[in-house]
Amino acid sequence: MRFGRVLATTAVTMVYGTSGAFAAEAPKWGAHIDLEGKLGTERHLGEVDVFLPVSQGDRTLLFANIRARADDEGSHEGNFGLGLRHMLSSGWNIGAYGYYDRRRTDFDNDFNQATFGVEALGRDFDFRANAYLPFGERVKDAGSTPESASFASLVGTTIEITTLGGLTREEHALRGFDAEIGWRVPLWSADDSKALRLYAGMFHFDDSAVEAVTGPRLRAELTMYELPHLPDDARLTLGGEYQDDDVRGSQGFVTARLRIPLQQERPSERPLNWQERRMTDYVVRDVDIVTGTQTTRAPTIVETATQTADGRNIAVVDSATTPGADLQTAVTNAGANSVLILSGTFNTTTTTTLETGQTMMGAGNVAVQSASGRTAVLNTSTATINAATSANATGAITMANASTLLGMTINQTQNPANSDPRGVSVDGLSNVTIANNVIAVTATNGNAFGTYILNSSNVTVTGNTISTTRPGAAAIGLYANNSSLSVADNTLSAFGNTTFAAYLVANPGDTVTIHSGSTGNVFGAGGCGNVGGGAFVGSLEYTSGGIPGTCP
């Protein structure tokens, strides 16, 4: 504001304190329009500049200046200013001006600024300085993003949900100044129809929150005052400009500016000398309200997940802290309808019995939730259970109603004193899922069963690799007796004296139902067997050695 008062005082002094100022005579300086194009290395600009004398005397000119500018990156700016210039008898033209600037940036933000400048334009040298003072709301959003999608990971037996904080990107209007000094190259006399001037200057814009924009600026202008077929006060200016700073980098422009007079032709006996011509020189100032951007990220949030996204309790059991002998206790403690994630290798001598509605999983993914409500998908790795059960006809895993076994490696080995070992046992149950597991059973006594399904309904067996080995007796990959099931995309193999990749049993009065969609199975070794006087409904499809077949 102090600068504004100085400018106003200077205007009054120069207008009313100058001898002969604003005398009532034919105007010496008239209105004009400058049309400018700037081709740049980083962007291109176009500008329309309207110069309007408000009042004038023999040596003093008060003028208004209106500008509109746009570039090819979506930025627009308008300037409205008032300026005062005075011709000194020493040959210098001194001036001062003030502008109101408004810019819409390529982030669609609007900023306001006041620009104040002073100048001294001489025959051989020029001096200019401008101050740029944004006002109003100087910080605006520039494309902030919310916090990122959360991700989950296992850290020991803890499920951590990590959420990266959101990005806050702000655009700041910067305060600053620029200044330059110019020199007329003496290729022609001062009153000639051509003038070449070279300029060197610097600029500085800053804000406490963003990096300062500081650097040099070099310009060259060739102005031609007498143009064929155009009015006397028309002029063409060709130029080049180079500037460099650490934020925007190096930028270069090639400029062409054409002046179109809006006044009547000047009498030929009253041509303007070089000093008078310079009273309507283009006001040189920065073309933009200079802005900078600041990007900050909110803190990363790390939380513990204790439930699945659908509200089921979840627990992690790691063999590094829970030996195989304690696995059953961990399963029981997790409770019905829970999700139990195993990590590592567990060696057991007894069956591991699941709870009702429980999921035991190794490799797979599960949506988990923190207490704050953030959710993420946890991807897990396979876990292994090595079982050597001591009881007869026992599974390494005993399923429960509505239970799921997912992404596990199950190895079952029974010693000679026992018979009929099973990998996974499903007996008298419903709604059981066995998916994406690797199940291997080796026996030296009795018959070996990969999956043993008896008197059960709605059992899904999908995506598994099941193999059984029993030299000298029966080896069966998939055994189903009086049950209904879906069997899809499994690889079933059996190695022994009598081998069945799949064996279906329906005694009199019993039914084995194979649901539709039981396709994509591969019999790696062994065939299909079915026995009993009961009913067989549906069949599973398979290929064996590339040859398709159905069972039964």
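Residues numbered from 1 in each chain as written. Predicted model: local features only at pLDDT ≥ 70, side-chain atom pairs only at ≥ 80, totals over all residues. Heavy atoms only, no water.

Caption draft 1: Expanded view of the overall build of the chain. Within the chain, the regular secondary structure consists of 3 helices and 43 strands. Taken over C-alpha atoms, the radius of gyration comes to 44 Å for the chain, far larger than the 24 Å a tight globule of 552 residues would show. Out of the 552 residues in the chain, the part that is buried amounts to 47%. Look at the contacts in the chain between residues 6 or more apart in sequence, and 67% of them connect residues 24 or more apart. When the accessible surface of the chain is split by element, carbon and sulfur atoms take 55% of a total near 23700 Å². Taken as two groups, the 37 positive and 55 negative side-chain charges of the chain have centres that lie 10 Å from each other. (Helix = DSSP H or I, 4+ residues; strand = E, 2+ residues; numbered from the N terminus. Rg over C-alpha atoms; globule rule 2.2 N^0.38 Å. Buried < 20%, exposed > 50% of the residue type's maximum accessible area, 1.4 Å probe, protein only. Contact = heavy atoms within 4.5 Å. Areas by Shrake-Rupley, 256 points an atom, 1.4 Å probe, with all protein chains shown as cover. Lys, Arg positive; Asp, Glu negative; His and termini not counted. Charge placed at Lys NZ, Arg CZ, Asp CG, Glu CD.)

Caption draft 2: Up close: the packing of aromatic side chains. Within this structure, the stated rule accounts for 11 aromatic pairs. Centre to centre, the rings of Tyr 132 and Phe 205 are 5.4 Å apart; their planes meet at 40 degrees, and the pair counts as tilted. In this pair, Tyr 132 is assigned in strand β7 (residues 125-135) and Phe 205 in strand β13 (residues 194-207), connecting sequence segments 73 residues apart. Judged by its relative accessible area of 0%, Phe 205 falls in the buried class. Here Phe 523 and Tyr 542 contribute two aromatic rings whose centre-to-centre distance is 3.8 Å and whose plane-to-plane angle is 10 degrees, an arrangement assigned as stacked. One end of the pair, Phe 523, is in strand β39 (residues 521-525); the other, Tyr 542, is in strand β42 (residues 540-544), with 19 residues separating them in the sequence. Judged by its relative accessible area of 2%, Phe 523 falls in the buried class. (Phe/Tyr/Trp six-rings, centres within 6.5 Å; stacked < 30°, edge-to-face > 60°.)

Caption draft 3: Inspection of the pattern of salt bridges at higher detail. One pass over the structure, following the stated rule, counts 32 salt bridges. The residue Lys 38 makes a salt bridge to Glu 241 at a minimum N-O spacing of 3.4 Å. Taken together, the residues Lys 38 in strand β1 (residues 32-40) and Glu 241 in strand β15 (residues 235-245) connect sequence positions 203 residues apart. Taken as a pair, Lys 38 and Glu 241 share a single burial class, namely buried. (Salt bridge = Lys/Arg side-chain N within 4 Å of Asp/Glu carboxyl O.)

Caption draft 4: Expanded view of the sheet that holds strand β17 (residues 291-297). Across the sheet, which stays open at both edges, the 3 strands sit in the order β8-β11-β17 with antiparallel pairing between neighbours. The open sheet has two edge strands, β8 (139-141) and β17, and neither has a second partner. Averaged over all neighbouring strand pairs, the angle between strand axes comes to 30 degrees, with direction disregarded. Note: β8 against strand β11 (residues 167-173), 3 bridges, orientation antiparallel. Paired with Val 139 across the bridge in β11 is His 172. (Pairing = 2+ DSSP bridges. Axes fitted to C-alpha atoms, helices over the stretch in contact; angles between N-to-C directions.)

Caption draft 5: Fine view of a nonpolar patch on the surface. A contiguous nonpolar patch, built from Leu 35, Val 48, Leu 230, Leu 258, Ile 260 and Leu 262 and spanning about 450 Å² of accessible area, is present on the exposed surface. Within the secondary structure, Val 48 sits in strand β2 (residues 44-56). (Patch = residues over 30% accessible without salt bridge, like charges linked within 9 Å, V, L, I, M, F, W, Y side chains within 5 Å.)

Caption draft 6: Broad picture of helix α3 (residues 327-334). Turning to α3, its buried residues number three or more, namely Leu 327, Ala 330, Val 331 and Ala 334. Down the axis, α3 shows its buried residues gathered within 100 degrees of arc, on one side only. In the core, the buried residues of α3 are packed alongside β19 (314-318), β20 (339-343), β21 (345-348), β22 (352-353), β23 (359-361) and β26 (383-387). Phi turns positive, to about 90 degrees, at Gly 335, one or two residues after α3. (Arc of directions from axis to C-beta.)

Caption draft 7: Structural view of the confidence of the model for the chain. Mean pLDDT over the chain stands at 92; residues scoring 70 or higher make up 94%. In this model, residues 1-25 is a region of pLDDT below 50 whose contacts with residues beyond four sequence positions or in other chains number 36 contacts. (pLDDT = per-residue confidence, 0-100.)

Caption draft 8: Main features of the sheet that holds β15. Strand order in the closed barrel made by the 12 strands is β1-β2-β3-β4-β5-β6-β7-β12-β13-β14-β15-β16, with antiparallel pairing throughout. Going from strand to strand, the sheet's axes swing by 20 degrees on average, the running direction of each strand aside. Judged from the 11 bridges that link them, β2 and strand β3 (residues 60-71) form a sheet pairing that is antiparallel. Among the inter-strand pairings, Val 50 is bridged to a residue of β3, identified as Ile 66.

Caption draft 9: Here's a closer look at the side chain of Ser 493. Residue placement: Ser 493 occurs in strand β37 (residues 491-505). Residue Ser 493 is classed as buried on the basis of its relative accessible area, which comes to 10%. Setting aside residues up to four positions removed in sequence, Ser 493 forms contacts with Ile 466, Ser 467, Thr 468, Gly 477, Gly 524 and Ala 525.

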